[in-house]
Amino acid sequence: MKKLSLSLLFSVSFLLFYSCSTSETIEPTPDPDNGNGNGNAKTTYVANVKTIIDNSCATASCHDATNPTAGLPLTNYTQVKNAAQNGNLIARMNSTANPMPQSGLLPTATRAIIDKWKTDGFLEN
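Being a predicted model, the structure only gives us computed values, none of them experimental.

Caption draft 1: Quick peek at helix α3 (residues 77-86). Residues Y77, V80, A83 and A84 constitute the buried set of α3. Looking straight down α3, one finds its buried side chains confined to an arc of 140°; they lie on one side. Exposed residues pointing more than 90 degrees away from the buried face of α3 are listed as T78 and N86.

Caption draft 2: Region of the structure containing the environment of K50. Within the secondary structure, K50 is located in helix α2 (residues 45-56). C-alpha separation for the pair K50 and T75, spaced 25 residues apart in sequence, amounts to 8.6 Å.

Caption draft 3: How the structure looks around the nonpolar core. By size, the foremost hydrophobic cluster in this structure holds 19 residues, and its most contacted members are V49, I53, L74, V80, L89, I114 and W117. Those elements giving two or more residues to this core turn out to be α2, α3, α4 (89-93) and α5 (108-119). Those residues in contact with L89 that sit more than four places away from it in its chain are L74, V80, A83, A84 and I114.

Caption draft 4: The arrangement of the environment of N82 in detail. Locating N82 in the fold gives a position in helix α3. On the basis of relative accessibility, which here comes to 43%, the residue N82 falls in the partly exposed class. Once the C-alpha coordinates of N82 and F122 are considered, the two residues, 40 residues apart in sequence, prove to be 9.6 Å apart. Within polar-contact distance, the side chain of N82 engages the side chain of N86 at 2.4 Å.

Caption draft 5: Main features of unusual backbone geometry. In the segment running from M100 into P101, the intervening peptide bond is cis, with an omega of 0°. Positionally, P101 belongs in the loop between α4 and α5. Located in the positive-phi region is S61, a residue other than glycine, with phi close to 70°. Within the chain, F122 stands out as a residue other than glycine whose phi angle is a positive 55°. Of note, F122 is situated in the segment after α5. Here F122 falls in the buried class, since its relative accessible area comes to 7%.

Definitions and cut-offs
Residues numbered from 1 in each chain as written. Predicted model: local features only at pLDDT ≥ 70, side-chain atom pairs only at ≥ 80, totals over all residues. Heavy atoms only, no water. Buried < 20%, exposed > 50% of the residue type's maximum accessible area, 1.4 Å probe, protein only. Helix = DSSP H or I, 4+ residues; strand = E, 2+ residues; numbered from the N terminus. Arc of directions from axis to C-beta. Core = buried A, V, L, I, M, F, W, Y, C linked by side-chain atoms within 4.5 Å. Contact = heavy atoms within 4.5 Å. Polar contact = N/O pair within 3.5 Å; in protein donor to acceptor, adjacent residues only side chain to side chain.

Without other data, these values stay purely geometric and don't point to any function.
Below is the structure:
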């Protein structure tokens, strides 16, 4: 009986450890109503996009104001909107072959925010 209890304890411990060590990535869920509760709010640069661009694109050695890669700063609404409308910002953010940022694709939910910003008309506020 003692052997059976030890075997059972070991098996349960192993299963708990294994289930907690998964490498699955949990992506953030976009807020479809921007916190206003109506479910239909528009995605805007200021409320939704600016933080993504600031943290993922407009960083040192990338698209900052000091020394922007490819001469493309992404530090304000006008620059980001222009790159999204007339450049390849959105295509590169969704590209598996040549992604931006170069470290790899942003999470699906994050890219969905940028895509919704486009759908909603590249609103600033």
